[in-house]
Number of protein chains: 2
Amino acid sequence: MTAARPIITVLCPRAEAETQDPDQLQRPEGLEPIEGLAEVRYTDAAGLGSALEGAQALFLWDFFSPAVQQAWPQADSLEWIHVAAAGVDTLMFEDLRRSEVTVTNAQGIFDRPIAEYVLAAIFAHAKDFAASLRHQQNRRWVHRETQQVQGTSALIIGTGAIGRETARLLRAVGILVTGAGRTAREQDPDFGTVVQSADLPSHIGGFDHIINAAPLTAQTTGLIGEQSLAAVRPGAHLINIGRGESVDEAALVQALQDGDLGRATLDVFAQEPLPTDSPLWTMDSVTISAHMSGDVLGWRTALAEQFVQNARRWLDGAELRNIVDTAKGYVPRH
Amino acid sequence: MTAARPIITVLCPRAEAETQDPDQLQRPEGLEPIEGLAEVRYTDAAGLGSALEGAQALFLWDFFSPAVQQAWPQADSLEWIHVAAAGVDTLMFEDLRRSEVTVTNAQGIFDRPIAEYVLAAIFAHAKDFAASLRHQQNRRWVHRETQQVQGTSALIIGTGAIGRETARLLRAVGILVTGAGRTAREQDPDFGTVVQSADLPSHIGGFDHIINAAPLTAQTTGLIGEQSLAAVRPGAHLINIGRGESVDEAALVQALQDGDLGRATLDVFAQEPLPTDSPLWTMDSVTISAHMSGDVLGWRTALAEQFVQNARRWLDGAELRNIVDTAKGYVPRH
């Protein structure tokens, strides 16, 4: 009898929620190198509990699934969870936080794509592209004056990897960038000045673009609410690529209707998909996309490759990359 | 009797073409410093002929007006024409070319705004914003994979000031830039490699983004035609911020329908306003704006200021800035 191979469970989404055909399981591609070194169990949410029994590792390919908490009692041998997402908020339940399980995430994969989405949103607003498209649909030739982006200012809330890449990209085109984070500081290599997020209403009025790139934590839930929105510069542009719950959507709708805010570009929402009765859908000053800011062609391949690399380290007993501080809810900066 | 003051005629547009109320003349603001040093005659197109009699200078505030050619016989003392636009093609009639009149243009004012419009168009296409807006109008949550901009390639046709600023801005976000101009060359400070525009079909297939930033001349009329469009990389994106006549619109529509081209973002057209029966209006793969790519807030003030500065030089007998080579039809690079 040989030594038992380590067991890695992979939670996969199904193509359609209603089918129970196991062939419909949407598995990550490229895990063959790991399959030679460990027993890899592919499962859906319903089978997660039994698939976790005896497993030392869990790969959350279905990265927003809430199934882990339910299956937790059966996770008798779990040492490591890797989440194929940057935000791990859906996983941060109390039993996990209190456990010794190491959590790693997909930090790095989404940084540049999301930074590009933010810059795309800034440019699209400045050049009034949404209005151009509406005029085009009506075959109307309407000359307007638009805004120059160079020399405008941006406040980036969240000083993690995505916020930092965004800061660098925005600076490259002449936008003046400031950060907002847990602690105020000066001479940050990417932001220069970082103001305190907790003090957002007293800072937010100084910026043309306000970008939420923060992880969802107790501190960032509802951070952009009535008070902050009342303090924005008239015509300011809010861009949310973090988590929907960081913005008070009712207060946001009000701020847009009152004209305090010029535009909101939203890729994330408190409830996803955004309910069809949300007033956000029909507002001309709102730009909506379907939680896709980081999902450039090849993203799934990149996520699977990143897991394979971390799994090799784990199998070799080496130190894992992208370890989440489960007390904080994100990967701290080194 | 004092020496006669020089006479500067300013051709202004009217708010509405039908009115003859002279109060509706849309004069440039900020010419007061010049009014103290010269006789400034504000006129519309109808009055241009008589307003040119005895005038040494003409400021084409109504920069696309074809009125100059008609009024030319009365331009008995003209030495200098300043055009409040980057493209001077509407002014380049044969009598003017053959004359000793110096022509200057608004080079510099539009460089950065137009470069930003080009980058905005690249990002909007890469991030599929037009489709996002259509889905939003239908309250549809549709996740898609989009494109990363970093590492893509752009061919910028036209190596003048606007093309160069565009090259610098695109490079700043990681786009690989090549130029296309009259003469092929290497080690250009902004473009690196410049290929020959005349040989466009053999080069165009190597690029994700094709940008027309060329002045309208005999060489660039119809430059992007059937042959060039047949040679593009599948899914390529054409952006025209130069002049509409540089693109064969019928061939463009065909290339878009055949799927050779992924998108055309067009700010200029052979006929402006774009006729309501143009098939371009209703194509999902076409983005239309109303010849406004360079017109950021404050552009009129900047144009008037630039004229005032050049007029001061002229009044002082100093060398004018932005002198157009009337044989070439643009300001040659120093």
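Residues numbered from 1 in each chain as written. Chains lettered and ligands numbered in written order. Predicted model: local features only at pLDDT ≥ 70, side-chain atom pairs only at ≥ 80, totals over all residues. Heavy atoms only, no water.

Peer 1: How would you summarise the interface of chain B and chain A if you had to cite specific residues and measurements?
Peer 2: Listed per partner, the contact involves 59 residues of chain B and 59 residues of chain A. Taken together, the two surfaces of chain B and chain A that pack against each other cover about 5000 Å², and 62% of this comes from carbon and sulfur. When the area that chain B buries against chain A is broken down by residue, the three leading residues are Q136(B), R139(B) and W141(B), summing to 17%. Linking chain B to chain A there are four salt bridges. In this structure, K127(A) and E116(B) form a salt bridge, with 3.0 Å as the shortest nitrogen-oxygen distance. On inspection of chain B and its partner chain A, the count reaches 25 residue pairs in polar contact (both at pLDDT 80 or more). Looking at the side of chain B that touches chain A, the elements with two or more residues in it are α5 (111-126), α6 (129-137), α7 (161-172), β13 (286-288) and α10 (299-316) of chain B. (Contact = heavy atoms within 4.5 Å. Buried area = accessible area lost by both parts, 1.4 Å probe. Salt bridge = Lys/Arg side-chain N within 4 Å of Asp/Glu carboxyl O. Polar contact = N/O pair within 3.5 Å; in protein donor to acceptor, adjacent residues only side chain to side chain. Helix = DSSP H or I, 4+ residues; strand = E, 2+ residues; numbered from the N terminus.)

Peer 1: If you had to explain the side chain of E116(A) to someone new, which residues and values would you point to?
Peer 2: Tracing the sequence through the fold places E116(A) in helix α5 (residues 111-126). One polar contact links the side chain of E116(A) to the main-chain amide nitrogen of V149(B), over a distance of 2.7 Å. The residues contacting E116(A), other than those within four sequence positions of it, are L169(A), F123(B), K127(B), Q147(B), Q148(B), V149(B) and Q150(B).

Peer 1: For the packing of α5(B) against α7(B), give the residues involved together with the corresponding values.
Peer 2: Geometry of a packed helix pair, given as the angle between the helix axes and the separation of the axes. Residues and elements named next belong to chain B. For the pair α5 and α7, the least separation of the axes is 8 Å and the interaxial angle reads 50°. Considered as vectors, α5 and α7 are oriented oblique to each other. In the packing of α5 onto α7, the handedness of the crossing is right-handed. Together, D111, R112, I114, A115, E116, V118, L119 and I122 of α5 and A161, I162, E165, T166, L169 and L170 of α7 make up the contact between the two elements. The residue inventory of the contact of α5 with α7, partitioned by class, reads nine nonpolar, one polar and four charged. (Axes fitted to C-alpha atoms, helices over the stretch in contact; angles between N-to-C directions. Parallel < 35°, antiparallel > 145°, perpendicular 65-115°, else oblique. Left-handed = near helix turned anticlockwise from the far one by under 90°. Nonpolar A, V, L, I, M, F, W, Y, C, P; charged D, E, K, R; others polar.)

Peer 1: Residue-level account of the sheet that holds strand β1 (residues 7-11) of chain B, with values.
Peer 2: For sheets, the rule is that strands pair by backbone hydrogen bonds, running either parallel or antiparallel. Residues and elements named next belong to chain B. Pairing is parallel in the open sheet, where five strands are placed in the order β2-β1-β3-β4-β5. Two strands bound the open sheet, and with one partner strand each, they are β2 (39-43) and β5 (102-104). Averaged over all pairs of adjacent strands, the angle between strand axes in this sheet comes to 20°, irrespective of strand direction. In terms of strand pairing, strand β4 (residues 80-83) meets β5 through three bridges, oriented parallel. Looking at the pairing, I81 lines up with V103 of β5. Packing of α10 onto the sheet brings it into contact with β1, β3 (57-60), β4 and β5, and relative to β4 it is tilted by some 160°. (Pairing = 2+ DSSP bridges.)

Peer 1: Explain the domain arrangement of chain A to me, and be specific about the residues and the numbers.
Peer 2: Residues and elements named next belong to chain A. Domain annotation of chain A identifies domain 1 (7-108 + 297-316) and domain 2 (111-288). Measuring from the centre of the C-alpha atoms in domain 1 to the corresponding centre in domain 2 gives 32 Å. Contacts between the two partners involve six residues from domain 1 and, on the opposite side, five residues from domain 2. When domain 1 packs against domain 2, the two sides together hide about 460 Å² of surface, and 48% of this comes from carbon and sulfur. Summed over the three residues of domain 1 that lose the most area to domain 2, namely F64, D89 and G108, the buried surface amounts to 70% of that side. Joining domain 1 to domain 2, the criterion identifies one salt bridge. With a closest N to O distance of 2.7 Å, D89 and R243 form a salt bridge. Summed over the shared surface of domain 1 and domain 2, the result is three residue pairs in polar contact (both at pLDDT 80 or more). Looking at the side of domain 1 that touches domain 2 residue by residue, the class counts come to two nonpolar, three polar and one charged. (Domains from an automatic or database assignment.)

Peer 1: Lay out the UniProt feature "domain: D-isomer specific 2-hydroxyacid dehydrogenase catalytic" (unreviewed entry) in chain A in plain terms, naming residues and giving numbers.
Peer 2: Under the UniProt annotation, the feature "domain: D-isomer specific 2-hydroxyacid dehydrogenase catalytic" (unreviewed entry) is placed at residues 31-324 of chain A. Span residues 31-324 of chain A is 31% helix and 18% strand, its end C-alpha atoms 23 Å apart. (UniProt positions renumbered as here; feature names shortened; annotations may be inferred.)

Peer 1: How would you sum up the UniProt feature "domain: D-isomer specific 2-hydroxyacid dehydrogenase NAD-binding" (unreviewed entry) in chain A? Please name residues and give values.
Peer 2: UniProt records the feature "domain: D-isomer specific 2-hydroxyacid dehydrogenase NAD-binding" (unreviewed entry) at residues 119-293 of chain A, using the numbering of this structure. The distance from the first to the last C-alpha atom of residues 119-293 of chain A is 11 Å, and the span holds 27% helix and 22% strand.

Peer 1: Explain the pairing of strand β4 (residues 80-83) of chain A to me, and be specific about the residues and the numbers.
Peer 2: All names here are of chain A. Where burial is concerned, the two faces of β4 agree: the one with W80 and H82 and the one with I81 and V83 are both buried. The pairing of strand β3 (residues 57-60) with β4 spans four bridges and is parallel. Bridging from a neighbouring strand, F59 pairs with H82 of β4. (Buried < 20%, exposed > 50% of the residue type's maximum accessible area, 1.4 Å probe, protein only.)

Peer 1: Can you lay out the sheet that holds strand β9 (residues 192-196) of chain A for me, pointing to particular residues and giving the numbers?
Peer 2: Residues and elements named next belong to chain A. Spatial strand order, β8-β9-β7-β6-β10-β11-β12-β13: eight strands in an open sheet with mixed pairing. Single-partner strands in this sheet number two, and they are β8 (185-188) and β13 (286-288). Taken over all neighbouring pairs, the strand axes of this sheet differ in orientation by 20° on average, direction set aside. Two elements, strand β7 (residues 176-181) and β9, share three bridges in a ladder whose sense is parallel. Bridge pairing links G179 to V194 in β9. Running at roughly 150° to strand β11 (residues 236-240), α5 makes contact with β10 (209-212), β11 and β12 (261-266) of the sheet. Contacting β6 (153-157), β7, β8, β9 and β10, helix α7 (residues 161-172) crosses the sheet at an angle of about 170° to β6.

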